[in-house]
Amino acid sequence: MVDTKAPASGTPQYCTLQPATKPDLRPGLGPNRVRAILQIRTKWVNGTVLHYHFLDPTGGGQGPEQLDEVRAALHDWKALGIGLDFKEVDDASEAEIRIAFADDGSWSYVGKDVLTIGVREPTMNFGWDLTTPWGRATARHETGHTLGLPHEHQNPYAGIVWDEEAVYTSLGQPPNSWTREETFHNVLRKLSKQEVTGSTWDPDSIMEYPFEPGLIKEPEKYGREGIEGPLSLSATDKDQALHWYPPISVGPVKLEPGRSVPLALSTGEQADFEITPAETRKYEVGTFGQSDVLLVLFEDVDDELRYVTGEDDSGADENGRLSVRLFKGRRYVLRARLYSNYGSGETTIMYW
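Rules used throughout
Residues numbered from 1 in each chain as written. Predicted model: local features only at pLDDT ≥ 70, side-chain atom pairs only at ≥ 80, totals over all residues. Heavy atoms only, no water. Salt bridge = Lys/Arg side-chain N within 4 Å of Asp/Glu carboxyl O. Helix = DSSP H or I, 4+ residues; strand = E, 2+ residues; numbered from the N terminus. Buried < 20%, exposed > 50% of the residue type's maximum accessible area, 1.4 Å probe, protein only. Core = buried A, V, L, I, M, F, W, Y, C linked by side-chain atoms within 4.5 Å. Contact = heavy atoms within 4.5 Å. Pairing = 2+ DSSP bridges. Axes fitted to C-alpha atoms, helices over the stretch in contact; angles between N-to-C directions. 1 Å grid on protein atoms, 1.4 Å probe; cavity = no way out; pocket = protein on both sides within 12 Å on 5 of 7 lines; lining within 4 Å. Points joined across faces, edges and corners; volume = space filled by probe spheres on them. Nonpolar A, V, L, I, M, F, W, Y, C, P; charged D, E, K, R; others polar. Polar contact = N/O pair within 3.5 Å; in protein donor to acceptor, adjacent residues only side chain to side chain. Expected span 1.5 Å × (residues − 1). Arc of directions from axis to C-beta.

## Notes on the pattern of salt bridges
Evaluation of the coordinates by the stated rule reveals 19 salt bridges. Aspartate 272 is the partner of arginine 335 in a salt bridge, and the nearest nitrogen-oxygen pair spans 2.8 Å. Separated by 63 residues along the polypeptide, arginine 335 in strand S16 (residues 332-341) and aspartate 272 in strand S11 (residues 270-275) bring together distant segments of the chain. Classification of arginine 335 as buried rests on a relative accessible area of 6%. Looking at aspartate 272, the relative accessible area reads 15%, which means it is buried. Across the pair glutamate 274 and arginine 331 runs a salt bridge, and its minimum N-O distance is 3.2 Å. Here glutamate 274 is found in strand S11, whereas its partner arginine 331 is found in the loop between strand S15 (321-326) and S16, with 57 residues between them in sequence. Each of Lys87, Glu94, Glu304 and Arg306 takes part in a single network of salt bridges with overlapping partners.

## Focus: the nonpolar core
Ranked by size, the top nonpolar core spans 45 residues in total, and within it Val70, Trp77, Ile82, Ile99, Phe101, Phe126 and Leu147 carry the most contacts. Secondary structure elements with two or more residues in this core: helix H1 (31-40), strand S2 (49-54), helix H2 (65-78), strand S4 (97-100), helix H3 (133-146), helix H7 (235-244), strand S13 (291-301) and S16. No other element matches the five residues that H2 contributes to this core. Setting aside chain neighbours within four positions, we find leucine 147 in contact with Lys43, Trp44, Trp77, Ile82, Leu84, Phe86, Gly111 and Tyr245. By size, the runner-up hydrophobic cluster in this structure holds 20 residues, among which are Leu255, Ala271, Val293 and Leu297.

## Here's the deal with the sheet that holds S11
Strand order in the open sheet formed by five strands is S9-S11-S16-S13-S14, and the pairing between neighbours is mixed. Of all strands in the sheet, those with a lone pairing partner are strand S9 (253-254) and strand S14 (304-312), marking the two edges. With nine bridges joining them, S13 and S16 adopt antiparallel strand pairing. Counterpart to glutamate 299 in the pairing with S16 is tyrosine 332. Against the sheet, H1 engages S13 and S16, with an angle of about 140° to S16.

## Topic: the pairing of S11
With five of six residues buried, S11 is to be regarded as a mostly interior element. Examined bridge by bridge, S11 and S16 share six bridges and lie antiparallel to one another. Bridge pairing links alanine 271 to alanine 336 in S16.

## Some thoughts on the layout of surface pockets
If you add up the space inside the largest pocket, you get close to 770 Å³. Taken together, 35 residues form the lining of the largest pocket, with Trp44, Lys112, Leu115, Thr116 and Tyr307 sitting closest to its centre. Going through the elements one at a time, S2, S13 and S14 are the ones with two or more residues in the lining of the largest pocket. When residues in the lining of the largest pocket are grouped by element, the largest group, six residues, is from S14. Its residues assigned to classes, the lining of the largest pocket shows 17 nonpolar, eight polar and 10 charged. Taken as a whole, the second largest pocket encloses approximately 400 Å³ of empty space. As for the second largest pocket, its lining consists of 21 residues, and the residues nearest its centre are Asn46, Pro246, Gln270, Ala271 and Asp272. Of all the secondary-structure elements, those providing two or more residues to the lining of the second largest pocket are H7 and S11. Class assignment of the residues belonging to the lining of the second largest pocket gives a composition of 11 nonpolar, seven polar and three charged.

## Thoughts on the side chain of asparagine 125
Position of asparagine 125 relative to the elements: it lies in strand S6 (residues 124-125). There is a polar contact of 2.9 Å between the side chain of asparagine 125 and the backbone nitrogen of alanine 102. Asparagine 125 has contacts with Ala100, Phe101, Ala102, Asp104, Gly105, Ser106 and Trp107, leaving out every residue within four places of it along the chain.

## Description of the environment of serine 249
Take serine 249: it is sitting in the loop between H7 and S9. Considered as a pair, serine 249 and glycine 315 are 66 residues apart in the sequence and their alpha carbons are 31 Å apart.

## Concerning H2
In a regular helix each residue adds 1.5 Å, so 14 residues correspond to 20 Å; H2 covers 20 Å between its end C-alpha atoms and thus fits that length. Those residues of H2 not exposed but buried are Gln66, Leu67, Glu69, Val70, Ala73, Leu74 and Trp77. Seen end-on, H2 carries its buried residues on one side only, within an arc spanning 160°. Considering only its buried residues, H2 is in contact with S2, strand S3 (85-88), S4, H3 and H7.

## Remarks on the sheet that holds S15
Ordered by their spatial adjacency, four strands build an open sheet running S10-S17-S12-S15, and the pairing between neighbours is antiparallel. Lying at the two open borders of the sheet, with one neighbouring strand each, are strand S10 (261-262) and S15. As defined by bridge partners, strand S12 (residues 281-288) adjoins S15 across six bridges and the pair is classed as antiparallel. Paired with valine 285 across the strands is leucine 322, a residue of S15.

Structure below.
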């Protein structure tokens, strides 16, 4: 779970960051392979429709405007041209994203980590008014986490040298009242270089926190001025979102039973395939070759792709396999996202 920025006035208030899930990678994996897995593990396959549901239609008692601000935030990310889509649903059990307005700070789980949360539990919470400039920024920050984007201030390439005792003192006081352990985990701890894309820090990112002057030693500018905290999506935010979720301009390739198709992909890239079974029975779907691949199968239901099953074989030295009953006359879309190739020869995909 990820914390967020707070109202503009006074000392920024953050909520506790809970550790994200980590893949259980076996020892001995090459560094490039580990890096690819760690970068992609929370990202959705491109083309996914993320369904969202408001657990509290009163917006925490503050009115429907709170809900509208969340809808606007999702729209802003979608308007970048990304391949993901968002659809509001009335049933919490149908939603990957479940939004609460409890007096519990503002936070969100990261990317696919929402799938580990019980279907009646929130995956995102807003603990203050979203109709202020900082509230609107909060909505965009949290929805950015749901896309799988991390915090900027924990970027190992930021070059931030903290005045650690000043940070501990500041955040140990109200309104945060954090322990030293909580402060380290949420602010001072840097992400592994294997987990981040690129090698620069974007202080204008919507994923950056505000910090008061006096907490940063280097760069000196931010120690003197603090970090105000962006209110809108930056150019880098757009680039990152489009890097992971480019516009879908080509339809899926027809996949015939028993016929393998090469997966000519680079790290992070994705291929989409259409399956229309000629008979109803149990099928096997899988890859062949030395690669780490995320496979996700969707069924076309009333022109909307709904999740059927998936498998992540990253780091296991095993090809991805789906054993699934498919029905004659129905249309399915198989999405394959490559983490990395780790051996010689090509990777292929087929169903039979």
